[in-house]
Amino acid sequence: MIKMRFKKILKQWQLQVMIWPGILLLVVFAFIPMFGLMIAFQRYHPLDGFLGSPAVGLENFAAFLKDEDFYRVLTNTLAISLLKLAIGFPFEIFLAIMIYELKMGAFKRVVQTVSYLPHFISWVVLGGMLITWLGGDGLLNSALLWLHAIKEPVSFLGKADNYWLVAVLSEVWKDAGWGTILYLAAMSGIDPGLYEAATIDGAGRVQKIMRITLPGIAGIIALMFVLRIGGMLGANLDQVLILQNPLNMTRSEIIDSYVYHMGLSKGDFSFATAIGIFTSAVSVILLVIANFATKKINDRPIF
Amino acid sequence: MKLTRSEKVFDVCNIVFMCFFLAIILFPLFNIIVLSFNDGLDAIKGGVFLWPRKFTLKNYQTILKDTTVYRAFAVTAAKTLIGIAGHLFITGIAGYAMSKPYLIGRGMFIKMGIITMYFSGGMIPTFLLIKALGLTNTFWVYIVPTLFSFYDMIILMNFFRNIPISMEESAEIDGANFFQVFLKIIFPLSMPVFATIALFHGVYQWNDFFTAKLYVTDKELFPIQYYLYQVLTSQAAASTAKAGVYVAKEFTTKSIQLATMVVTTLPIILIYPFLQKYFISGMLVGGVKE
Amino acid sequence: MKNFKKIAAAALGLTMLVSSAAGCGQKADSGELAEPEIKADKEVPSWKADNSSADLSWYINYDWFAQEWGVDLSSKFITEDTHVNITYMGGGDEKLNTMLASNDLPDILTIGGENPIVKDAHKFAYPLDELAAKYDPYFTEHAAKKEILNFFRLDDGHIYGYPNFSTTKADYDGGMIYGDEALLVRKDIYAAIGSPDMTTPQGFLSALKAVKDDGFTDAGGKEIIPFGMRDWGSGPSVLDQTLENFIGVPSLTDNNEYYDRHADADTLVWIKTIAQAVREGFASKEMVTMQSDTKDAIVSNGGYFAYFTENLNGDPDSLSLFMKENPDKAYIAVEGPKSTMGRSRALRGAGIEGWTQTFISKSCKNPQKAIELVTYLVSEEGDTVMNYGRLGETYTLVNGVPTLNADLLEIKQSDPGLFEKEYGLTTHLWLQDSARLSKFMGLDQFPTSLQQPKEWTQPYLKPQFELSGLDSCLSTEANRNNEKIKQDWVQKCAAMMETEDDAEVEALMAAHLQYRDANGWAQIVEEYNTKIKENIEKLNP
C-alpha cells in the first residue's frame, strides 16, 4: 500500500517538487508561529514569555463573550460586511464590465489607471478630507442642496444611522477601481471569436455581456465571492479609526476596532488573540460553507 | 464596423458614466496635489481646493534635499522587483501543481492553506521566528517570508484551470516535462493573471513599512514607505510632548505630508500603464485556438 | 488527515526549539556588575575622570523619532565630554514589545511614562541607584532631584527610570511654570461687546448671545461662531477635565481619596450651560465630529469668538497665524467659567510624572558609561550643554541666565528645521529638566500668540501630583472596564451636546453614572485609591 503510494508520488515527482517550496514556506512562516495562539489561554506579558506567563483557561474568551457590547460590535461588523458584499462586490464587476466595453483605447487606459488611484491613498489622509467634505457645509451637502436632493444638510458622520452607508460607499469609492483588476485580467482570457460569432447572430451589447462576458468570468466571480465571505468578520480597521466619532460609535465599532481599543492599545495581547481565534474559527466555517455552496452552483469548488 | 443605434446609446451612456466616475475620483486626488504645492502654513486656513493660494515648491524641496530619501527609494525598488520575481516563481509553480486534481497531498495542502489564511500566530511569535532564522536587519526579511502566498496561489490556480488541457497534452506528447509545460505554455498563456499578481504583490512590497518597523533597525535598510510613515506620524510628536517647556519644533505641515505622499506613491502608480498591455483582451487565447 | 497530525507535531517541536533558541521567557540575571574603572567620587561626576569611551545604542519608543546622533553640535559636545557615542533607534510599542519578548534590548531605552511596561522595569532594567552607588554616586547625591528619586521608586525600593519634563513641588515654588488650559476670546469682539463677565453660566451665555446677535465676521468674511473647543478625540475635549479644573472641582476628597469629578453637581451645572450654548446655535453643528484640521482653519481665520482649549502648546500655529495677520484682533485669555459654589480655579499644570522615562537595560554593554551619560544629561552642567552648547561659543550668560547667541537664535526662529539639524540644541531632550529651562527662558519660550494666555494660567496652577499614573496602574480587568466607561462617557457627552433641554442632559449624566456602576467602577476606584495612597507616600517621604 505504502509502496504503491510512493510509486505514485515518484511518478509525479516534478509536480511534487513544484509544490514543496510553497509548503515549506507556509509551514515555517505561518505554522511555526502559531504556538503563539496559546497566549489566548494565558495572561501573557512579553517580559514573562510564553512559558512564564500564567495560564488562565478560558478567561479571555469569557471576557468578550460575556461583554454585551461585543454582540453589538459583531452585529456592526456583519452588517457592514454584508452591505459591502451587496453593494461593493457587484459594483466592482459592473465597473469592470463597463471598462471592458469602452471602445476608445486611450480613454479606456485613462479610466483604468485613474480608477485605481484612490487605492494608494492611506485612510489617514483620505479620511481627513472625507470628513471635511461630508461636513454640514462640506462639498457633498452643498452639492445635494444645490440639486435640491435634500432640504437641509445631512449629518453623515454625526448620525449613527448613517454610518454604515458612509463606510460602505467610501470604501467603494476608494477600492472599486482596484477591485476591477482581477476581473479585467479574467476578461482578457475570453476568446474574441465568441463576440464575433454573437454579433453575426445579431446579439446586442447587453446580450453579449450576459451571454459571453459574465459566464467567461464566472469562475473568478465565484472565487472572489467565497473569499469575501471568508473575510466577513474582518472589516477595515484603518477606515473605522478615522471615521469613528463619539456620535456614531454605537454603529461604527467593529471587531477589529474593538480589539484595538480593548486589547492591543493596552498591550493586552491575550485578549486580542482570544478574539482572533474566535473570529478565525467563524471565518473558516463561513468559507467552507461558501465553498460548498459554489460547488453546488458552479459544479466545482474554488479550492 | 457599423454600429447599431442601441450600440451607440450604450457607448454614450458608458462614456457619460465613466466621466462622472472619473470626476469624483479625480477631484480629491487633484486637491491633494494642489495642497502639496501650497504654502504649508497658509494651507492651515483651509479653503484651498482647485488651485494653490500661495504657490511654493518648498514642500517638495524639503523632501528631495533629504538624502535618506534616495537610499530608501533604492531599497524599495530592489525589494519590489526581487520580491515580485521570487513571489511569481514560487507561488506560480505551486499554483500550477495545485491545479492538477491528481496531485498527491492536494487536499491536505488546501486544508493547511485555509488555516493559515485565517489563523496567524501573531506579532511576537513571528518576530521570534524571524530572529531565530537570522533574518532581522537583513534585506531578505522583506523577501523570504513573502515568497509564497496561499491567497495568490488560489487565484493563479483558478486561472490555470481554465487553460484548455489539450494545449498541455500536445506539449506532453512532444516530450516536455511539467517544468517545460509551465514555462513554455502556462506562463505565456497566463500573462494577464501573472501581471495581476505582480501588481498586487508589487503594490504590497512598495507600500509595506510594517516589516521594516518591526524587524529592521539599520537605517540603511529602511524603505521609502517607512519614511512616509514617520512623516505622517510626526504630527503626533507635537501633541505627545506634555506641558513642560515649550520646545519649538520643525512643524511638519499637512502640505509636506501630502507632498511626501505624492513623491512616495508616484513611482508605483506609473508602473501600471506598463502592465496594461497584458490586459488587452483576447490577445493570447485567440491565438492559440485550435 | 494523518499527515496533518504529523506535520503539526513536527511544527510544535520545531517551535519549542525556536522559542528556546530565541531566549523566550525571562532571562536569568546577567550576573555581577563589572568593577568600576575609576574610583567613584560623590562630589565629582565620574564622566570627568573616566576617559574610556563607549558606543551605546539608545532606543526611543516613538515612531516619528528619526534623529541622528553626532551630526549636530549639541550631540558632538555631549560625546566630547562623556566619551559616549550613541546610535539612536526609533520605533513604536510593537517594536518595544517584540524586543522585550526576545530579550534583545538596546543599551538605553526611553519609553513614554504612561506605558504600563514601566511598572515592570525591574525585569528589564538595572536599578539606577545601584549603578550610581557602584560607578557614579554623583547621580544620586547631586545630579538627580530628590523628589524625583522618591517618586519614581518602584515597590522594591529601587529607581529604574528617570523622567524628562518632570516638574516637582520645588519647581512650582520657584515659579516660571505655565499651564496649558485657557478660554481664549478675540479681543476686538470682546471689547466691542463691552468686556462682559463670562465667569457665571448666565454671563457666559449672554456674552455668546451678544456675539451671535451682532453678526461679527472672521478674516474670510464668514459669520463668527461664538463658541468652540479643541477637537474631540477619544475623550470629550475640554469637557473631560479642563472645565472641571476651571471651576475648581476637587481632585481628592478630604481624606485623600479619589474624588468623583464627573458626578459633581457643579460639573453638571456647567455642562448644562455648554449644552445650552450648543442648543441655541452658539457653536458649530460639527463641534463633536470636527477634526483638528477644521478647527485649525477656523482658529487661524479668527472664526471663533471664544475658543476653549486644554492644550495651548498644541495650537501655536493657527493662533500665531491669525495674530500675525490681525494683531489688533488676536486671541487673549479671559476669566472663563468659575465655580457656582465658590471653589477656586485649579488648573492642571505640568506633573511630576513628566513625559518619558529613560532606563539602562540589563543587556547594556557598558553600564558604567551608560550611567555616566545619564548622570551627565540629568545634571545641570550636562543639561545646559544639551540646551545651550558651550559658554562663549554658542551662548553667553546675561544676568546669570544662559542666552543663546544672537545669530543662532535668528536661525532657530527662521529655520527651525535647519537649526535642529546643525545645532540640535534642546533636541536631545530625553533627560531634560524642563522646569530649569522654563525658568531660564520665562515667557520668551513661547510664540507671542501664547504669551498672554500662558501668563494668565500661572496664578491658577495647582499640580495634581497625587493623581499621577492612575490609569497605567489598573489591573487587566479594571483596564478593560475603564476603557468601556471612557467610551460611554465620551458618547454620553456627545449626546448631551444634542439635547433639547436640561432634563435630557441630567438623564444622560444619570445614565452614565449607572453604566459605570454596572461595569466595575467600584473596583476601578478602589485601585485608584491604592495608587493615590502610594503616590502620597512617595510625595511625602
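Parameters and conventions
- Residues numbered from 1 in each chain as written.
- Chains lettered and ligands numbered in written order.
- Predicted model: local features only at pLDDT ≥ 70, side-chain atom pairs only at ≥ 80, totals over all residues.
- Heavy atoms only, no water.
- Helix = DSSP H or I, 4+ residues; strand = E, 2+ residues; numbered from the N terminus.
- Rg over C-alpha atoms; globule rule 2.2 N^0.38 Å.
- Buried < 20%, exposed > 50% of the residue type's maximum accessible area, 1.4 Å probe, protein only.
- Contact = heavy atoms within 4.5 Å.
- Areas by Shrake-Rupley, 256 points an atom, 1.4 Å probe, with all protein chains shown as cover.
- Lys, Arg positive; Asp, Glu negative; His and termini not counted.
- Charge placed at Lys NZ, Arg CZ, Asp CG, Glu CD.
- Buried area = accessible area lost by both parts, 1.4 Å probe.
- Salt bridge = Lys/Arg side-chain N within 4 Å of Asp/Glu carboxyl O.
- Polar contact = N/O pair within 3.5 Å; in protein donor to acceptor, adjacent residues only side chain to side chain.
- Nonpolar A, V, L, I, M, F, W, Y, C, P; charged D, E, K, R; others polar.
- Core = buried A, V, L, I, M, F, W, Y, C linked by side-chain atoms within 4.5 Å.
- Domains from an automatic or database assignment.
- Pairing = 2+ DSSP bridges.
- Axes fitted to C-alpha atoms, helices over the stretch in contact; angles between N-to-C directions.
- Phe/Tyr/Trp six-rings, centres within 6.5 Å; stacked < 30°, edge-to-face > 60°.
- 1 Å grid on protein atoms, 1.4 Å probe; cavity = no way out; pocket = protein on both sides within 12 Å on 5 of 7 lines; lining within 4 Å.
- Points joined across faces, edges and corners; volume = space filled by probe spheres on them.
- Parallel < 35°, antiparallel > 145°, perpendicular 65-115°, else oblique.
- Left-handed = near helix turned anticlockwise from the far one by under 90°.

Okay, the overall build of chain C next. Along its length, chain C carries 23 helices and 11 strands. Taking 2.2 N^0.38 as the reference for a compact globule, 541 residues should give roughly 24 Å; the C-alpha atoms of chain C span a radius of gyration of 26 Å, in line with that estimate. Along the longest, intermediate and shortest principal axes, the C-alpha atoms of chain C span 75 × 75 × 50 Å. Residues classed as buried in chain C amount to 57% of the 541 residues present. Sequence separation of 24 or more characterises 78% of the internal contacts of chain C that already satisfy a separation of 6 or more. As presented, chain C carries roughly 21,400 Å² of accessible surface, and 50% of it is formed by carbon and sulfur atoms. Across chain C, the centroid of the 51 positively charged side chains sits 3 Å from that of the 84 negatively charged ones.

We now examine the interface of chain B and chain A. Across the contact, 94 residues belong to chain B and 93 residues belong to chain A. Both faces combined, the contact of chain B with chain A buries some 8,200 Å², and carbon together with sulfur accounts for 79% of it. Among the residues of chain B in contact with chain A, I104(B), Y118(B) and F119(B) are the three that bury the most area, contributing 9% of the side total. The interface formed by chain B and chain A contains 2 salt bridges. R205(A) is the salt-bridge partner of D11(B), the closest N and O atoms lying 2.7 Å from each other. The interface formed by chain B and chain A contains 11 residue pairs in polar contact (both at pLDDT 80 or more). Elements supplying a minimum of two residues to the side of chain B that touches chain A: α1 (5-36), α4 (68-98), α5 (106-118), α6 (123-132), α7 (150-160), α9 (178-189), α10 (191-207) and α13 (254-275) of chain B. No other element matches α1(B), which puts 19 residues into the side of chain B that touches chain A. A breakdown of the residues in the side of chain B that touches chain A according to their chemical character gives 71 nonpolar, 17 polar and 6 charged.

This part takes up the nonpolar core. Core analysis: the largest hydrophobic core is formed by 196 residues, its most contacted members being Y183(A), M187(A), F303(A), Y96(B) and Y142(B). Per-element accounting of this core gives the leading share, 15 residues, to helix α9 (residues 160-187) of chain A. Excluding its chain neighbours within four sequence positions, the residues that come into contact with Y183(A) are F89(A), E92(A), I93(A), A96(A), I217(A), I220(A), I221(A) and M224(A). L247(A), A182(C), V238(C) and I247(C) belong to the second-largest nonpolar core, a separate cluster that totals 117 residues.

Residue and element names in this part refer to chain C. For chain C, the assigned domains read domain 1 (2-167 + 354-395 + 428-443), domain 2 (182-348) and domain 3 (475-539). Between domain 1 and domain 3, a total of about 360 Å² is buried, with carbon and sulfur atoms accounting for 55% of that surface. Here domain 1 is connected to domain 3 by 0 salt bridges. The interface formed by domain 1 and domain 3 holds 1 residue pair in polar contact (both at pLDDT 80 or more) in total. A class-by-class count of the residues in the side of domain 1 that touches domain 3 yields 1 nonpolar, 1 polar and 2 charged.

This paragraph deals with the sheet that holds strand β1 (residues 54-60) of chain C. Residue and element names in this part refer to chain C. Ordered by their spatial adjacency, 5 strands build an open sheet running β2-β1-β3-β9-β4, and the pairing between neighbours is mixed. Each end of this open sheet is capped by a strand with a single partner; those strands are β2 (84-90) and β4 (162-163). Pairing of β1 with strand β3 (residues 108-112), which is carried by 3 bridges, proceeds in the parallel orientation. The residue bridging W58 from the neighbouring strand is I108, located in β3. Contacting β1, β2 and β3, helix α4 (residues 93-102) runs over the sheet at an angle of about 125° to β1.

Residue and element names in this part refer to chain C. Overall, the coordinates contain 70 aromatic pairs over all chains when judged by the stated rule. Between W58 and Y88, the aromatic rings sit 5.9 Å apart at their centres with planes inclined by 50°, giving tilted as the arrangement. Taken together, the residues span a long stretch of sequence, with W58 in strand β1 and Y88 in strand β2 at a distance of 30 residues. For the pair W58 and Y88, a shared accessibility class is recorded, and that class is buried. Between W456 and Y460, the aromatic rings sit 5.1 Å apart at their centres with planes inclined by 55°, giving tilted as the arrangement. Residue classification places W456 among the buried residues on the basis of a relative accessible area of 11%. Members of the aromatic cluster, joined through ring pairs, are W58, Y62, W64, F65, W69, Y88, F165, W355 and W430.

The subject of this paragraph is the sheet that holds strand β5 (residues 182-186) of chain C. Residue and element names in this part refer to chain C. Taken together, the 4 strands give an open sheet; going across it, the order is β6-β7-β5-β8, and neighbouring strands pair in mixed fashion. Taken across any chain shown, the strands that pair with only one partner, and hence form the sheet edges, are β6 (225-229) and β8 (331-334). Shown here is a sheet whose adjacent strand axes are inclined to one another by a mean of 25°, direction ignored. Across the face of the sheet, helix α20 (residues 448-457) comes into contact with β5 and β8 while running at roughly 10° to β8.

The computed volume of the second largest pocket comes to approximately 1,000 Å³. Lining of the second largest pocket is provided by 25 residues; of these, L134(A), L140(A), L169(A), W173(A) and I24(B) occupy positions nearest its centre. When residues of the lining of the second largest pocket are traced back to their parent elements, those giving at least two are α7 (123-133), α8 (139-146) and α9 of chain A together with α1 of chain B. Taken together, the residues that form the lining of the second largest pocket break down as 23 nonpolar, 2 polar and no charged.

Now for the packing of helix α5 (residues 68-101) of chain A against helix α12 (residues 218-230) of chain A. Residue and element names in this part refer to chain A. Direction vectors running N to C along α5 and α12 enclose 155°, while the axes themselves pass 12 Å from each other. When the axis of α5 is compared with that of α12, the two are roughly antiparallel. Both α5 and α12 take part in a crossing whose hand is right-handed. Here K84, L85, F89, E92 and I93 of α5 come into contact with α12, specifically with I221, M224, F225, R228 and I229. Here the residues of the contact of α5 with α12 sort into 7 nonpolar, no polar and 3 charged.

Counted by the stated rule, this structure contains 3 cavities of 30 Å³ or more. There is about 50 Å³ of room inside the second largest cavity. In terms of lining residues, the second largest cavity is bounded by D69(A), R72(A), V73(A), E253(A), Y258(A), M262(A), K484(C) and Q487(C). If you list the elements that add at least two residues to the lining of the second largest cavity, you get α5 and α15 (255-262) of chain A together with α21 (476-496) of chain C. Ranked by residue count, the leading element in the lining of the second largest cavity is α5(A), at 3 residues. For the lining of the second largest cavity, the class distribution of residues is 3 nonpolar, 1 polar and 4 charged.

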